[in-house]
Every structure is written in structure tokens, then in C-alpha cells.
Amino acid sequence: LKAKVLVFFSTCKQARFVSDAFSKLRPGVPLRCLHGHMKQMKRVATYDYFSRTKEIVLFATDVASRGLDFPDVDWVIQFDCPDDVPTYIHRVGRTARYLSGGRSLMLLLRSEREGMLRRLADRKIPIKEIKINPQKHQDITQSMVALLAKWPELKDFAQSGLTSYIKSVYLSPSKDVFDVKKMDLEELSRSYGLANPPKLRFLKKAGIEAARGGGKAVASGFGDDSDGEGSSDEGEDLLVVKRREVPLELSPEPEEEEERRAAQARRKRLKIRDGGLGTGKKVVFDDDGVATTPFERLTAAGKGGEEEDGDGEEEGGYRDAKERFDAARSRLREGDVEDKRRVKELQRERKRDAKRKRREASAARGAGPTLSLPPNEEDGEESYESYEEEEEERGARRATLPTSIEDQEALALK
């Protein structure tokens, strides 16, 4: 691990999951992550740190394959098969820059091997197949399983990362290289530390069933015994152990969880109807012990007695629930009209108080030039009355003012 390594993934969720998982495994080398869902400032900080550090591993998507000059990259590892040959060239181009050297490694599935090698050969790109040294190979599957059991949020990342990768394969236009039907989902899920593959609704809607290695291997191992003679159905039932795959319950995806909650809310929402609530019926008993429904009790209230509603008003004698609701609606409308009338009265009262305070303030300041505007038609009759009162008060103040020059000088000296 004493090298600068750049690892490419197909999706952002894959890069995030692998980065978080290996950070908790503590491999003894600095780890960083770079993908398109990160903010620009965090991307720049990750790029600067990776460029300055000599021994580091960076998990990235194709956002780092173009336009970025990483100095002294020793290894470029393509964990997922590139979409096409130009993508492969751009990824490998992150190493061996100018005069420096570098090496590249590409990992391929069995279903991707033939198509990708043929494309590289058509572009005359030399590539050499290598085999893993068994002595240096280390299996971390059990460590990943234990890690997901310890960190539930990491399990969610693993499911979302695997789902996004399978979806990218399903949506890829290069069907000669990427074929979701040939992928072993069970083996792929175990490599992520998952006991079973996540739910893939987009494959189910398209009517595609991906290969499942464990189940099909067992089925092929206990297939038809057409070569044997004298075999019978009873003998097969006695000797063949039929394996039944029982998938473990996985935590639902956010969209499925939201749909489940919405369905529960719809089931809890009850509609009122005559004779009961929703699909069930509510039964009440009167003083004589006779069973009846709440609406029948309200209907009989006007015949045998009267009940009080929430406002303290007595009501009863309704023929059905609709008549009762209509009466309640009319009372609410009358109350609404009365409330609006009270609000208008309060507004008019506030206007009168404001005008009175302005008159008192002008009287306290002494006589001076005043300006009165004609009343507005929207203010109503009260505005005209207040306007006339103000004119009378101004006339009274003018009558008390000194008229001669001597009286005005004496008032000014005061």
C-alpha cells in the first residue's frame, strides 16, 4: 500500500460505500473519496490533499477521469468495467503523465470479458491478462458481513450502491458488454457483505430475471435424470433434496417505505357514513340498554329528548345526518358574518381613536396651518360625521385666537 492509487467506480453510491467501509476496516493508508454528489469546496480540498500526499488511495467516479492532473499516480484500478474505450483511455491517462511512469489494472466480470477485450483489440490497445497470486490474496467477505452487522447505516449504503451499479449496467447502451441477465446477483451481493440481493423493482417491471448463482447451481446439480433407466418420480422425491431459497428481510428502500406509510395512512382514514364509521359499525347503548348507532341516536334526540352541542345550544329532531350537518353549516356561516361585523366595528373604533389623538396633539402644539382632506367614499357615513366634527372644532379654535396685533405679540411673549 505504499503507493498513490486511484480507484474508479461506475456510480457515486458505490464510491461512497467502499470509501466508508474501508475507512472502518482501517487498512493503514489514508483514504479519500471523490464523486459528483460532493460540493465543490470539498472536491477541491480532496484534490489538493490527494495531490500533496505520496501514499494514499482515492475512490472516485468518472468525474476524476477528465480534466484533472494528479501528479505521480502509481496505480489506476478500474473496479468496474468502463462504458466504452474512450472512458478506458481517460481513466488510464490519470497515470504515467508526461515523463513519469505508472501502471493500470482493470477488473472484469465473466460476462464483460469477451466484449470489452474485443473492443480494445479493435482500437489496437495492448492489454495483458494477469492472475492473482493466491499467497497474496486476502478475502474480506466475512469482515464486510461483520461490518454491515455492526453499522446499520453502512448496510443501507451497500444496498443503494449495489442497486445503483446494477441499474447502470441495465441502462448501459453497450449490450454486447453489459448484460444484466448474465450477472450473478447472489455472488455480487456477498462481495458487498449482503446476505441476499436487494429488491430491484426496475428489473421486475421490465420482466427481466437476473442470474442467481446459488439457486441455479443447485437446480442444475439436481436436474432431470434422463440418462438413467428405471428411475421413477417416487424415487426422485425420496432421494433428491430440493433446496428452497428463503430470502432474509432487508431494510426497505426509502421509496418503498414511503409507499408503505402512505398505504397505512389510507387504511386509517375512515369515511363517515350513515350507520357507522368506515367499514365497521359503532354501536352505542341508551339508558334502556337498546343498541343503536350514533346517527340514529342523534335522530331520535328530537323525539325522546334534546342534546346539547359543543356551543351549549340545544338541538335535535334531525331526520338524518345530512340535515344535521346542514344545520351546523348554516350556524357556522351566521357566526362568520357576525365575526366579520365585529371586526369592522373594531377597525372603525381604531380609526376614531387615531383621529382623536391627532386632534389632541395638534391642539397641544398650538394654532397653526392645518389641512383637512375631504372624506373618502369607502369610509362610509362615519367618515363624513368625523369630518364635520373636525371642521366645527377648528372653527371654535379660530374664534378664540387673538385678532389684534397687540394680543398676538402678548401671546408670542408668553
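What counts and what doesn't
- Residues numbered from 1 in each chain as written.
- Predicted model: local features only at pLDDT ≥ 70, side-chain atom pairs only at ≥ 80, totals over all residues.
- Heavy atoms only, no water.
- Disulfide = S-S within 2.5 Å.
- Helix = DSSP H or I, 4+ residues; strand = E, 2+ residues; numbered from the N terminus.
- Buried < 20%, exposed > 50% of the residue type's maximum accessible area, 1.4 Å probe, protein only.
- Pairing = 2+ DSSP bridges.
- Axes fitted to C-alpha atoms, helices over the stretch in contact; angles between N-to-C directions.
- Left-handed = near helix turned anticlockwise from the far one by under 90°.
- Contact = heavy atoms within 4.5 Å.
- Nonpolar A, V, L, I, M, F, W, Y, C, P; charged D, E, K, R; others polar.
- Parallel < 35°, antiparallel > 145°, perpendicular 65-115°, else oblique.
- Phe/Tyr/Trp six-rings, centres within 6.5 Å; stacked < 30°, edge-to-face > 60°.

Colleague: Would you mind showing me how to read the state of the cysteines here?
Modeller: In a disulfide, the sulfur atoms of two cysteines are covalently bonded to one another. Counted according to the given criterion, the structure contains zero disulfides. You can see C12 has no disulfide; the closest cysteine sulfur is in C33, sitting 8.3 Å from it.

Colleague: Can you help me understand unusual backbone geometry in this one?
Modeller: Working note: non-glycine residues mostly have negative phi, and peptide bonds are mostly trans. We note that A96 has phi near 55°; this positive angle belongs to a residue other than glycine. Looking at the secondary structure, you find A96 in the loop between α3 (85-92) and β5 (103-106). Phi at Y98 is positive, roughly 55°, even though this residue is not glycine. Along the polypeptide, Y98 turns up in the loop between α3 and β5.

Colleague: What's the story with the pairing of strand β4 (residues 75-78) in this structure? I'm lost.
Modeller: Within a regular beta strand, the side chains point alternately toward one face of the sheet and then the other, so they alternate between its two faces. Burial along β4 is one-sided: V76 and Q78 are buried, while W75 and I77, pointing the other way, are not. As defined by bridge partners, strand β1 (residues 4-8) adjoins β4 across four bridges and the pair is classed as parallel. Counted as the bridge partner of V5 is W75 from β4. Inspection of the sheet shows β4 paired to β5 by four bridges, in the parallel sense.

Colleague: Looking at this structure, how should I read the packing of helix α1 (residues 12-25) against helix α6 (residues 152-171)?
Modeller: Packed helix pairs are specified by the crossing angle of their axes together with the interaxial distance, meaning the distance between the axes. At their nearest, the axes of α1 and α6 sit 8 Å apart, and the two run at 145° to each other. Note that α1 runs across α6; the crossing there is left-handed. Listed contacts from α6 to K13, Q14, R16, F17, D20, A21 and K24 of α1 are L154, F157, A158, S160, G161, S164 and Y165. Classifying every residue of the contact of α1 with α6 by side-chain character gives six nonpolar, four polar and four charged.

Colleague: Can you help me understand the packing of helix α5 (residues 141-150) against α6 in this one?
Modeller: The N-to-C vectors of α5 and α6 enclose an angle of 120°; their axes lie 5 Å apart at closest approach. Of the possible angle classes, the one that applies to α5 and α6 is oblique. Judged by residue contacts, L147, L148 and K150 of α5 engage P152, L154, K155 and A158 from α6. Classifying every residue of the contact of α5 with α6 gives five nonpolar, no polar and two charged.

Colleague: For this particular structure, what's the right way to read the packing of aromatic side chains?
Modeller: Between two aromatic rings, the relevant description is the distance of the centres plus the angle of the planes. Going through the model one piece at a time under the given rule, you end up with seven aromatic pairs. Residues F9 and F79 carry aromatic rings whose centres are separated by 5.0 Å and whose planes lie at 40° to one another, so their mutual orientation is tilted. You can see F9 sitting in the loop between β1 and α1 and its partner F79 sitting in the loop between β4 and α3, a full 70 residues away along the chain. For F9, a relative accessible area of 1% corresponds to the buried category.

Colleague: Would you explain the sheet that holds strand β3 (residues 56-60) in this entry?
Modeller: Two pairing modes exist for strands in a sheet, parallel and antiparallel, and in both the strands are linked by backbone hydrogen bonds. The strand order β2-β3-β1-β4-β5 describes an open sheet built from five strands, whose pairing is parallel. Whereas interior strands pair on both sides, the edge strands pair on one side only; in this sheet they are β2 (31-34) and β5. Shown here is a sheet whose adjacent strand axes are inclined to one another by a mean of 15°, direction ignored. By the bridge criterion, five bridges tie β1 to β3 in an arrangement that is parallel. Along β3, the bridge assignment pairs K4 with I56. Contacting β1, β4 and β5, α3 runs over the sheet at an angle of about 150° to β4.

So yeah, pure geometry; function would need other evidence.
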